[in-house]
Amino acid sequence: MMARYQLSATVTARPQVTGDIVRLALLAPAVSQAATPGQFVMVRSAVALDPLLRRPFSVCRVNGDGTLEILVKVIGQGTRGLAALKVGDQVDLLGPLGHGFVMPDQGRACLVGGGIGAAPLLFLAQKLGERLPASDIQVLLGARTGAEAMALALPFRDLGLPVQLATDDGTAGHHGLVGELLAALTSGAFPTQVYACGPHPMLAAVARISTDRGWPCQVSTEAIMACGLGACLGCAVPRNGGRGYLHVCKQGPVFEAGELQW
Ligand SMILES: Cc1cc2nc3c(=O)[nH]c(=O)nc-3n(C[C@H](O)[C@H](O)[C@H](O)COP(=O)(O)OP(=O)(O)OC[C@H]3O[C@@H](n4cnc5c(N)ncnc54)[C@H](O)[C@@H]3O)c2cc1C
Ligand code: FES
């Protein structure tokens, strides 16, 4: 059985990434050591009493000092509370949870992220970099604006990885959807494995392009989660072929694209 911890973790850093995205570094050595790319943690602010339930966040990086990092995009009350935390504040953390990405020892990986979907791909890139040469890891990131795209791309570039950008407003990289960058890859750059995380329509497009071209594709999916442990059954997503449902928190959040009903 995989190790899982429930603990209080101290915020050790909280740089602002964009206007509505904050990076939180949380001191949690046991979780940081146990986590694998694609896994998530359930987190709530220990400062605010409301909301009571923890929220799910992908582990976006682990560091040698025992911290793990999450990117928090402000959506509602829970994320607003987390984004307002200061260095030294505590969070209540449960994890690592779920099934992460399966990583190859060779081949060419293509990581496709949309917006905050870049979060789990950064941890994946960190670990893939220990197995594959940087020239065999492609990163394609989509965002609303050039400023957001650049901010999300920065830590990938710090790992020495080339990043292609696509933006909704055309202020950086390709003016359009990140899936179009994937579809435009030329034969010398074909991936042997595609990894994707982002909004549902983007994942559906990446899954379709990958299937059409015969590229294996793993997707990290989102669902609204109450427990994160397989108890409430609230995170069900339909399985391909009308064969019932899969639970994102237990069987995912990473799935082979072909397992899901798009
Ligand atoms: C496995 C997993 C990993 C995730 N990783 C990250 C991450 O790395 N960084 C990050 O910022 N977020 C991530 N999320 C999404 C994050 O959990 C939600 O944004 C958060 O739970 C919203 O909580 P809230 O209290 O701020 O908003 P709420 O008050 O709960 O919701 C506000 C509104 O947003 C809607 N909403 C809530 N959650 C989602 C969602 N997942 N997608 C779309 N709409 C939603 C609600 O229906 C509601 O209308 C992840 C989700 C999952 C399942
Ligand atoms: S969140 Fe409760 S079963 Fe998945």
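Rules behind the numbers
- Residues numbered from 1 in each chain as written.
- Chains lettered and ligands numbered in written order.
- Predicted model: local features only at pLDDT ≥ 70, side-chain atom pairs only at ≥ 80, totals over all residues.
- Heavy atoms only, no water.
- Pairing = 2+ DSSP bridges.
- Helix = DSSP H or I, 4+ residues; strand = E, 2+ residues; numbered from the N terminus.
- Contact = heavy atoms within 4.5 Å.
- Axes fitted to C-alpha atoms, helices over the stretch in contact; angles between N-to-C directions.
- Near = heavy atom within 4 Å.
- Polar contact = N/O pair within 3.5 Å; in protein donor to acceptor, adjacent residues only side chain to side chain.
- Areas by Shrake-Rupley, 256 points an atom, 1.4 Å probe, with all protein chains shown as cover.
- Nonpolar A, V, L, I, M, F, W, Y, C, P; charged D, E, K, R; others polar.
- Salt bridge = Lys/Arg side-chain N within 4 Å of Asp/Glu carboxyl O.
- Buried < 20%, exposed > 50% of the residue type's maximum accessible area, 1.4 Å probe, protein only.
- Domains from an automatic or database assignment.
- Buried area = accessible area lost by both parts, 1.4 Å probe.
- 1 Å grid on protein atoms, 1.4 Å probe; cavity = no way out; pocket = protein on both sides within 12 Å on 5 of 7 lines; lining within 4 Å.
- Points joined across faces, edges and corners; volume = space filled by probe spheres on them.

Peer 1: So what exactly am I meant to see when it comes to the sheet that holds strand 12 (residues 174-175) here?
Peer 2: Two modes of strand pairing occur in sheets, parallel and antiparallel, and in both the strands are linked by backbone hydrogen bonds. Across the sheet, 7 strands lie side by side as 12-11-10-9-13-14-17; this open sheet has mixed pairing. One side of each edge strand has no neighbouring strand; the edge strands of this open sheet are strand 12 and strand 17 (254-256). In the sheet, strand 10 (residues 137-143) pairs with strand 11 (residues 163-167) via 5 bridges, with the strands oriented parallel. Bridging from a neighbouring strand, Val139 pairs with Val163 of strand 11. Each of strand 9 (109-114), strand 10, strand 13 (193-197) and strand 14 (217-220) touches helix 3 (residues 118-128); the most contacted strand, strand 9, lies at about 160° to it. Across the face of the sheet, helix 4 (residues 146-158) comes into contact with strand 10 and strand 11 while running at roughly 165° to strand 11.

Peer 1: Got a minute to help me understand the site of ligand 1 in this structure?
Peer 2: Taken together, the neighbourhood of ligand 1 is formed by 20 residues, with Arg55, Pro56, Leu71, Thr79 and Glu222 sitting nearest. With respect to ligand 1, the backbone of Gly76 contributes an N or O atom lying 2.8 Å from an oxygen atom. Between ligand 1 and the protein, one listed contact pairs an oxygen atom with a side-chain N or O atom of Thr79 at 2.4 Å. Burial of ligand 1 by the protein chains amounts to 72% of its free accessible area of 900 Å². Looking at which element gives the most residues to the shell around ligand 1, the answer is strand 5 (residues 55-58), with 4 residues. Taken together, the residues of the shell around ligand 1 sort by class into 11 nonpolar, 6 polar and 3 charged.

Peer 1: Explain the pattern of salt bridges to me, please; I cannot follow it from the model alone.
Peer 2: Side chains that differ in sign of charge can pair as their charged atoms come close. The full count for this structure, using the stated rule, is 7 salt bridges. Two residues, Asp20 and Arg144, come together in a salt bridge whose shortest N-O distance is 3.4 Å. In this pair, Asp20 is assigned in the loop between strand 2 (16-18) and strand 3 (21-27) and Arg144 in the loop between strand 10 and helix 4, connecting sequence segments 124 residues apart. Notably, a salt bridge pairs Glu69 with Arg23, separated by 2.9 Å at the nearest N-O pair. Here Glu69 is found in strand 7 (residues 67-73), whereas its partner Arg23 is found in strand 3, with 46 residues between them in sequence. In this structure Arg23 comes out as partly exposed when scored by relative accessible area, which is 22%.

Peer 1: When you look at the domain arrangement of the chain in this model, what are you seeing that I'm missing?
Peer 2: Interface size is often expressed as the accessible area that is lost when the parts come together. Structurally, the chain comprises domain 1 (5-97) and domain 2 (109-220). Each of domain 1 and domain 2 has a C-alpha centre, and the two are 24 Å apart. Between domain 1 and domain 2, a total of about 1300 Å² is buried, with carbon and sulfur atoms accounting for 71% of that surface. The largest per-residue losses of area from domain 1 upon contact with domain 2 belong to Pro37, Cys60 and Arg61, which jointly make up 33% of the total buried on that side. Viewed at the interface, domain 2 and domain 1 are joined by 1 salt bridge. Along the contact surface separating domain 1 from domain 2 lie 3 residue pairs in polar contact (both at pLDDT 80 or more). If you list the elements that add at least two residues to the side of domain 1 that touches domain 2, you get strand 2, strand 6 (61-62) and strand 7.

Peer 1: Help me understand empty space enclosed by the protein in this model?
Peer 2: Rolling a probe over the atoms, with the probe sized like a water molecule, indicates the empty space that remains. Scanning the model with the defined rule gives 1 cavity of 30 Å³ or more in all. Taken as a whole, the largest cavity spans an internal volume of roughly 70 Å³. Taken together, Val43, Arg44, Ser45, Ala48, Asp50, Pro51, Leu53, Arg55, Gln77, Gly78, Gly81 and Leu82 make up the full set of residues lining the largest cavity. Looking at the lining of the largest cavity, the elements that each hand over two or more residues are strand 4 (40-45) and helix 2 (77-83). A per-element tally of the lining of the largest cavity places helix 2 first, with 4 residues. The residue inventory of the lining of the largest cavity, partitioned by class, reads 5 nonpolar, 4 polar and 3 charged.

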